[in-house]
Amino acid sequence: MSGPLPGRPSRREFLRAAALATGAAALAAPPTSAAGASTAAGARAAALVSPWDEVPAILARIVPPTFPDRTFNIVDYGAVGDNSTDCTAAFRNAIAACNAAGGGRVLVPSGTFRTGKIHLLSNVNLSVTGTIRFRTDTGSYLPTVFTRWEGIECYNYSPFIYANGKTNIAITGTGTIDGNAPAGEWSSWGGGGADRDRLREWGATDHPVEQRQFGAGHYLRPNMIGLYNCTNILVEGVNLRNPAMWTLHPVYCANVTVRNVTFYSTNSQGDGCNPDSCTDVFITGCRFNTNDDCIPVKSGRDRDGRRVNRPSQNIVVRDCKFSGRWGGITVGSEMSGGVRKVFAEDCECNAADFPGRYPVKYALYVKTSFNRGGYVEDVHLRRFTGRNLERDAIYITMNYETSGNIPPTVRNFTIDAMTITGGRSAYNIDGRSAKHIQNVTISNSTFTSMTNAGNIANYVDNLQLIGVFYNGRDISTTQPSPGTRYEAENATVFQGVVESNHAGFSGTGFVNGDNVAGGYVEWTVNGTAGAATLRIRYANGTTANRPATIAVNGATVAANQPFNGTGAWSTWATATLPISLNAGANTVRITANTANGNPNLDYIEVAP
């Protein structure tokens with residue numbers, strides 16, 4: 001007997017889903033300055049049966065470095081593993097000797113070796129059997145070095161382990177690299193405050209990079225491992241713990257392998273592995289217990305990211321476990337240089353044997369805005385499993401920030417054979433009227449024990465659901481017409497005000513109703529006689545239900561429509577119910593039933 005394995009698509013189903021994605025990709029090739037290269041890329045894409053057919057060629061290019069059989073034990077250079085002696089000079093001298101000899105292994109044996117910054121050189125494998133524990137005094141990470149801080153280039157404290165312009169470098173072993181950051185003052189610096197604001201201002205005004213100097217007297221936390229402009233990188237086996245902020249941050253790198261690494265972070269900005277404007281990256285067999293995104297793919301922030309204009313591309317993720325506080329696979333929000341060709345398969349969110357400190361909110365989290373520009377395209381997931389997500393399995397948004405006038409291009413996603421038990425919804429795909437998200441295919445997937453009655457798709461072109469089951473119901477369909485949208489700020493408001501102080505709304509604002517029963521918002525809508533679908537976009541940042549009466553032309557169609565908490569006032573959900581319309585003008589009124597008032601109301605949509 002032949003047939004698909006449980007949870008995997010049949011060949012016919014998979015080819016249908018793949019054809020949708022590759023057909024969309026062939027319509028518009030990625031941005032390029034060479035028309036010939038663009039044409040060739042489009043021809044190759046059209047020839048692929050599935051976007052996954054490209055993965056073997058990507059992996060064939062990713063070859064971990066090898067090293068001569070020489071060992072340089074840091075103990076021979078004065079290191080003492082007593083968790084007290086400063087071993088900074090011993091690390092520096094052992095690495096220099098290894099490099100001068102033509103390469104080899106710098107061995108960190110059993111013991112705990114306290115040190116300041118470590119700067120790697122070419123052809124050096126930092127092999128860790130014991131523990132490296134970093135000093136907490138900030139002066140140990142000076143003078144400043146070239147870095148990219150949250151997507152903007154500057155000079156800042158050195159990452160705890162740093163390399164720039166090197167080739168054939170590795171960090172391997174079964175030991176632990178402990179940033180020790182919670183023991184020092186790094187945590188109290190938070191997100192950077194005034195220094196972060198100054199850096200963003202300098203990035204927005206093309207201030208010379210060499211003059212963007214931070215360090216002593218400033219408060220931008222360094223990454224734990226920052227590798228810049230490097231090729232042929234291997235990070236394998238080690239336990240990475242307690243960074244000041246992002247844990248492993250390769251920037252402008254190529255040929256990167258990260259395998260069987262365990263990430264653990266407690267500080268804010270505690271990302272796991274952040275490939276940033278990198279090409280050909282393979283992340284496999286890793287475990288992420290992080291205080292932020294697990295694997296966020298990045299490529300620069302706003303104007304500075306567009307100035308550098310280097311994409312992240314050809315990223316393959318396989319067999320990882322995610323217990324990070326936000327996304328498992330994340331793109332952005334710093335993606336102004338573009339992100340394309342991200343492939344992730346056979347990963348698990350909130351595994352029973354690896355629960356982590358925080359549950360993952362989203363299996364896939366794509367965050368963009370009209371400040372960023374750039375593009376995110378050709379992102380493909382398959383065979384993801386998970387349980388107890390805090391929010392949505394798939395969240396793709398253009399409303400991570402609501403300001404700006406440089407829209408990104410966000411298109412070409414496939415999600416196949418995803419199985420999630422427990423969460424808010426299967427998908428929340430959140431485009432804008434000025435620029436839609438394009439080409440999203442979800443296939444052969446099952447979402448159970450989801451708390452929302454339905455899912456959200458705002459301003460999405462070509463959403464395809466093929467073999468998708470939601471709380472036991474087959475919701476397979478092409479995307480329904482979005483219908484006609486009526487913004488709340490243009491409606492009649494009784495006992496409420498129009499505001500714009502919570503992110504993610506459509507149009508110019510939303511209606512914040514007074515906390516009284518009887519307050520309402522009433523729209524006048526045009527229709528044709530007969531059945532229609534009413535969709536109501538709302539936010540409720542409290543845990544209390546805010547039920548309302550829905551009336552059409554004065555007749556009640558829902559006497560107690562629930563509007564449950566959405567988690568935050570900036571988290572929008574959609575309620576859907578059937579209605580009947582008259583030909584011509586109709587009224588739709590939402591009236592608060594309790595003293596809690598209505599939820600915040602963004603708009604209604606009326607579709608045939």
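Let me begin by describing the structure that accompanies this report. (Residues numbered from 1 in each chain as written. Predicted model: local features only at pLDDT ≥ 70, side-chain atom pairs only at ≥ 80, totals over all residues. Heavy atoms only, no water.)

Bringing the overall build of the chain into the picture now. Looking only at helices and strands, one finds six helices and 49 strands in the chain. The C-alpha radius of gyration of the chain comes to 26 Å, within 12% of the 25 Å expected for a compact globule of 608 residues. If one aligns the C-alpha atoms of the chain with their principal axes, the spans along those axes are about 85 × 60 × 50 Å. When each of the 608 residues of the chain is scored for burial, the buried share is 57%. Just so you have it, the chain exposes about 22000 Å², and 48% of that area is on carbon and sulfur atoms. Across the chain, the mean location of the 52 positive side-chain charges is 3 Å away from that of the 47 negative side-chain charges. (Helix = DSSP H or I, 4+ residues; strand = E, 2+ residues; numbered from the N terminus. Rg over C-alpha atoms; globule rule 2.2 N^0.38 Å. Buried < 20%, exposed > 50% of the residue type's maximum accessible area, 1.4 Å probe, protein only. Areas by Shrake-Rupley, 256 points an atom, 1.4 Å probe, with all protein chains shown as cover. Lys, Arg positive; Asp, Glu negative; His and termini not counted. Charge placed at Lys NZ, Arg CZ, Asp CG, Glu CD.)

It is worth spelling out the packing of aromatic side chains at this point. Within the structure shown, the criterion is met by 24 aromatic pairs. Ring geometry for tyrosine 362 versus tyrosine 365: centroids 4.6 Å apart, planes at 40 degrees, classification tilted. Of the two residues, tyrosine 362 and tyrosine 365, neither departs from the other in class, the shared state being buried. Linked through ring pairs, Phe134, Tyr141, Tyr157, Phe160, Trp186, Trp189 and Tyr219 together constitute an aromatic cluster. The ring of tyrosine 358 has arginine 325 lying over it, and the distance from NZ or CZ to the ring centre is 4.0 Å. (Phe/Tyr/Trp six-rings, centres within 6.5 Å; stacked < 30°, edge-to-face > 60°. Lys NZ or Arg CZ within 6 Å of the ring centre and 35° of its normal.)

Looking now at the sheet that holds strand 48 (residues 584-592). Ordered by their spatial adjacency, five strands build an open sheet running 40-43-48-45-46, and the pairing between neighbours is antiparallel. The open sheet has two free edges, formed respectively by strand 40 (492-494) and strand 46 (555-561), since each of these has just one partner strand. Strand after strand, the sheet turns through a mean of 20 degrees between neighbouring axes, direction not considered. Relative to strand 46, strand 45 (residues 548-552) runs antiparallel, the two being bridged by four bridges. For alanine 548, the partnering residue across the bridge sits in strand 46 and is glutamine 561. (Pairing = 2+ DSSP bridges. Axes fitted to C-alpha atoms, helices over the stretch in contact; angles between N-to-C directions.)

The strand order across the open sheet formed by four strands is 5-10-13-16, and the pairing between neighbours is parallel. Each edge of the sheet is formed by a strand with only one pairing partner; in this case those strands are strand 5 (118-119) and strand 16 (248-251). Judged from the four bridges that link them, strand 13 (residues 225-228) and strand 16 form a sheet pairing that is parallel. Within strand 16, the residue paired with leucine 227 across the bridge is proline 250.

This paragraph deals with the side chain of lysine 361. When you line up the elements, lysine 361 lands in the loop between strand 26 (348-349) and strand 27 (362-367). Apart from the residues lying within four places of it in its own chain, the contact partners of lysine 361 are Gly324, Arg325, Trp326, Leu389, Glu390, Arg391 and Asp392. (Contact = heavy atoms within 4.5 Å.)

The next point concerns helix 5 (residues 193-204). With twelve residues, helix 5 should reach 16 Å at 1.5 Å per residue; the first-to-last C-alpha distance of 17 Å fits that figure. For helix 5, the secondary structure elements touched by its buried residues are strand 8 (145-149), strand 9 (152-156) and helix 6 (302-308). Directly after helix 5, the chain includes aspartate 206, whose backbone phi takes a positive value near 55 degrees. (Expected span 1.5 Å × (residues − 1).)

Here arginine 535 is to be found in strand 44 (residues 530-539). C-alpha separation for the pair arginine 535 and alanine 607, spaced 72 residues apart in sequence, amounts to 8.2 Å.

Right, let's talk about the pairing of strand 24 (residues 327-332) for a bit. Here strand 24 lies mainly inside the structure; six of its six residues are buried. Bridging between strand 24 and strand 27 involves five bridges; their strand directions are parallel. By the bridge assignment, glycine 332 is partnered in strand 27 with lysine 367.

Moving on, we get to the pattern of salt bridges. Scanning all chains against the criterion turns up 33 salt bridges. Notably, a salt bridge pairs arginine 537 with aspartate 602, separated by 2.7 Å at the nearest N-O pair. Placement of arginine 537 in strand 44 and of aspartate 602 in strand 49 (residues 600-607) is noted, with a sequence separation of 65 residues between them. Just as arginine 537 is buried, aspartate 602 falls in that class too. Each member of the salt-bridge network shares a partner with another, and the members are Arg318, Glu345, Asp346, Arg382 and Arg383. (Salt bridge = Lys/Arg side-chain N within 4 Å of Asp/Glu carboxyl O.)

Quick look at unusual backbone geometry now. Cis geometry is found at the peptide bond from leucine 142 to proline 143, where omega equals 5 degrees. Its place among the elements puts proline 143 in the loop between strand 7 (131-134) and strand 8. Between glycine 332 and the following residue, serine 333, the backbone shows a cis peptide bond with an omega angle of 0 degrees. Inspection of the secondary structure assignment puts serine 333 in the loop between strand 24 and strand 25 (339-345). The phi torsion at asparagine 314 lies on the positive side, around 60 degrees, for a residue other than glycine. Along the chain, asparagine 314 falls in strand 22 (residues 312-318).

The next thing to look at is the side chain of histidine 249. As for its placement among the helices and strands, histidine 249 is situated in strand 16. At a separation of 2.6 Å, a polar atom in the side chain of histidine 249 contacts the side chain of asparagine 223. When residues no more than four places from it in sequence are discounted, the contact partners of histidine 249 are Arg148, Asn223, Ile225, Gly226, Leu227, Tyr228, Asn274 and Asp276. (Polar contact = N/O pair within 3.5 Å; in protein donor to acceptor, adjacent residues only side chain to side chain.)

This paragraph deals with the nonpolar core. For soluble globular proteins, the rule of thumb is that nonpolar side chains tend to be buried together. Formed by 99 residues in total, the largest nonpolar core has its most connected members in Ile283, Phe288, Val317, Phe322, Met418 and Phe447. Once residues within four sequence positions are removed from consideration, valine 317 is found in contact with Ile283, Ile295, Phe322, Ile329, Phe343, Ala344, Glu345 and Cys347. Grouped together as the second largest cluster of nonpolar side chains are 27 residues, Val511, Val525, Ala532 and Phe563 included. (Core = buried A, V, L, I, M, F, W, Y, C linked by side-chain atoms within 4.5 Å.)

What follows concerns helix 4 (residues 88-100). The end-to-end C-alpha separation of helix 4 is 18 Å, in line with the 18 Å expected for 13 residues at 1.5 Å each. Taken as a whole, helix 4 has its buried residues at Thr88, Ala90, Phe91, Ala94, Ile95 and Cys98. Relative to the axis of helix 4, the buried residues are bounded by an arc of 170 degrees and lie together on one face. Counted as exposed and oriented over 90 degrees from the buried face of helix 4: Arg92 and Ala100. Two residues or fewer after helix 4 comes glycine 102, characterised by a positive phi angle close to 100 degrees. (Arc of directions from axis to C-beta.)

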